[in-house]
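Here is what each chain is made of, one letter per residue.
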Amino acid sequence: MKTLEWIDTPDGGLVRLIDQTRLPNETVLLDCTDLATLAEAIRMLRIRGAPAIGCAAAQGIAMVASRSKAEDGAALLAELGRARDVLAATRPTAVNLFWALDRMMAKAEELAKSGVAGKEFVRALIDEAVAITEDDLDRCRRIGKHGAELIPGGANILTHCNAGALATAGYGTALGVIRAAHEAGKRIHVWVDETRPLLQGARLTAWELQQEGIPCTLITDNMAGYLMQQGRVDCAVVGADRIAANGDAANKIGTYSVAVLAHHHGVPFYVAAPFSTVDFGLACGQDIPIEERNPDEVALLAHLATQPACPVGVRIYNPAFDPTPSDLVAAIITEVGVIRPPYRQALDAAAPRE
Ligand code: MRU
């Protein structure tokens with residue numbers, strides 16, 4: 001099963017994705033044949049996770065090109081520019097979204113400059129979007145391989161949110177490390193933070209691990225400290241939505257709390273992410289834009305309840321991410337290897353020159 005997939009159709013193409021809001025109860029595929037449907041899917045977390053939304057946005061640009069009725073190259077480029085702006089406005093924190101959109105727009109401009117037009121132009125953009133998606137899968141496998149070496153046999157690993165196959169083109173970043181450790185026969189067990197308010201841990205990570213037969217136990221977010229106090233967590237591995245140049249890493253809200261707890265208890269806290277998640281343009285985590293989402297996500301207990309779990313009208317604050325300072329991060333696991341502090345120099349030295 002693929003998180004998302006490009007499908008050629010007689011009238012152009014479409015982006016097919018698993019609607020993650022329906023998991024774990026139903027596996028429903030959503031075919032996005034227009035920009036508005038895809039943008040809504042990203043905004044509402046039908047597809048979510050930093051690398052996955054980058055891949056979806058790249059395929060979205062290809063989809064718009066494949067269905068365009070623009071009369072000439074300049075009009076088509078202008079249409080793609082508008083599509084880029086719509087997709088860029090869906091979610092602010094994951095830098096992979098902007099990275100993928102920039103790469104698609106650079107490709108479109110390069111093709112136009114070299115006089116490539118018509119069907120050839122569209123095919124080249126589709127190929128670029130598919131390449132971004134395949135490349136993400138490859139990066140995740142490499143992250144898994146490098147990260148598995150950090151996981152001791154028999155480890156109890158805590159993870160937060162979903163940084164799994166569903167959050168990427170496949171395999172996952174943090175769950176990629178966990179998958180690879182399991183595949184290596186390390187007899188691991190995973191503590192899965194449920195991840196309030198939208199329960200990506202409970203709905204998606206527990207589902208993925210169960211499908212793979214990886215032993216796991218679901219806990220509420222406020223149980224992690226107690227488990228660490230009892231010595232029942234050997235390491236924590238999480239993903240990231242954006243890593244600043246100094247190694248500070250924004251991830252799902254609650255990740256910072258896990259990092260602080262891990263630090264207090266001497267538990268190594270690892271961040272697993274591809275270089276497409278590193279934003280060298282931002283000096284530190286405090287500069288990372290933090291998405292604030294609809295209060296209903298807190299009030300309605302992640303779509304599971306129709307009755308609010310709080311008094312109607314109470315003020316709700318619903319930030320979706322938090323930055324973890326890099327001094328709490330034992331290592332950043334990337335596709336090119338495990339990066340250790342000092343992160344500013346180490347990330348810069350390890351960054352693939354693309
Ligand atoms: O709001 P979400 O579900 O998109 O948040 C996702 C996360 O925080 C993930 O941990 C992150 O994107 C890394 S995914 C490999």
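What counts and what doesn't
Residues numbered from 1 in each chain as written. Predicted model: local features only at pLDDT ≥ 70, side-chain atom pairs only at ≥ 80, totals over all residues. Heavy atoms only, no water. Near = heavy atom within 4 Å. Polar contact = N/O pair within 3.5 Å; in protein donor to acceptor, adjacent residues only side chain to side chain. Helix = DSSP H or I, 4+ residues; strand = E, 2+ residues; numbered from the N terminus. Nonpolar A, V, L, I, M, F, W, Y, C, P; charged D, E, K, R; others polar. Domains from an automatic or database assignment. Pairing = 2+ DSSP bridges. Axes fitted to C-alpha atoms, helices over the stretch in contact; angles between N-to-C directions. Contact = heavy atoms within 4.5 Å. Buried area = accessible area lost by both parts, 1.4 Å probe. Salt bridge = Lys/Arg side-chain N within 4 Å of Asp/Glu carboxyl O. Buried < 20%, exposed > 50% of the residue type's maximum accessible area, 1.4 Å probe, protein only. Right-handed = clockwise from strand over helix to strand, strands pointing away. Core = buried A, V, L, I, M, F, W, Y, C linked by side-chain atoms within 4.5 Å.

K.L.:
Explain the site of the ligand here, please?
P.N.:
Taken together, the neighbourhood of the ligand is formed by 19 residues, with Arg48, Ala50, Arg91, Asn251 and Lys252 sitting nearest. Within the contact set of the ligand, an oxygen atom lies 3.0 Å away from a backbone nitrogen or oxygen of glycine 49. A distance of 2.7 Å separates an oxygen atom of the ligand from a polar atom in the side chain of arginine 91. Listed by contribution, the elements that provide at least two residues to the shell around the ligand are helix H2 (50-67) and strand E9 (249-252). Of the residues in the shell around the ligand, the class split is eight nonpolar, seven polar and four charged. Counting contributing residues, the shell around the ligand receives three or more from each of domain 1 (4-141) and domain 2 (145-350).

K.L.:
Looking at this model, I keep getting lost on the sheet that holds strand E13 (residues 331-334). Mind explaining?
P.N.:
Paired through backbone hydrogen bonds, the strands of a sheet run either parallel or antiparallel to each other. Ordered in space as E6-E5-E4-E7-E10-E13-E14, the seven strands form an open sheet in which the pairing is mixed. Because the sheet does not close on itself, it has two edges, and the strands there are strand E6 (216-219) and strand E14 (337-339). Taken pair by pair, the neighbouring strands of this sheet meet at an average axis angle of 25°, ignoring direction. Judged from the two bridges that link them, strand E4 (residues 156-159) and strand E7 (residues 235-238) form a sheet pairing that is parallel. Following the sheet pairing, isoleucine 157 is matched in E7 by cysteine 235. Across the sheet, helix H7 (residues 200-212) lies against E4, strand E5 (189-193) and E6, angled at about 160° from E5, the strand it touches most.

K.L.:
Would you explain the domain arrangement of the protein chain in this entry?
P.N.:
Quite often, the size of an interface is put as the accessible area lost when its parts meet. On domain assignment, one finds that the protein chain holds domain 1 (4-141) and domain 2 (145-350). Contact with domain 1, which involves 30 residues of that partner, is made by 34 residues of domain 2. Buried area between domain 1 and domain 2, summed over both chains or domains, comes out near 2,600 Å², and the portion from carbon and sulfur atoms is 56%. Three residues, Arg48, Thr93 and Arg139, lead the burial of domain 1 against domain 2; their summed loss comes to 24% of the area buried on that side. Residue arginine 91 pairs with glutamate 291 through a salt bridge whose shortest N-O separation is 2.8 Å. The tally of links between domain 1 and domain 2 comes to 17 residue pairs in polar contact (both at pLDDT 80 or more). Counting residues per element, the ones that place at least two in the side of domain 1 that touches domain 2 are H2, helix H4 (95-113) and helix H5 (118-148). Among the elements that line the side of domain 1 that touches domain 2, the one with the most residues is H5, at six residues. Of the residues assigned to the side of domain 1 that touches domain 2, the class counts are 17 nonpolar, seven polar and six charged.

K.L.:
Looking at this structure, how should I read the pairing of E4?
P.N.:
Along any regular strand, the residues point their side chains to alternate faces of the sheet. Neither face of E4 is exposed, since Asn156 and Leu158 on one face and Ile157 and Thr159 on the opposite face are all buried. Considered for its hand, the β-α-β crossover made up of E4, helix H6 (residues 174-183) and E5 is right-handed.

K.L.:
Is there a simple way to explain the nonpolar core in this structure?
P.N.:
Where a protein is soluble and globular, its nonpolar side chains tend to be buried together. Leu38, Leu80 and Phe121 are the most contacted members of the largest nonpolar core, which totals 44 residues. When residues of this core are traced back to their parent elements, those giving at least two are strand E1 (4-9), strand E2 (12-18), helix H1 (35-43), H2, helix H3 (73-88), H4 and H5. Among the elements that take part in this core, H2 stands out by supplying twelve residues, more than any other. Not counting residues within four places of it along the chain, the set of residues in contact with phenylalanine 121 comprises Leu76, Leu77, Leu80, Ala108, Leu111, Ala112 and Val116.

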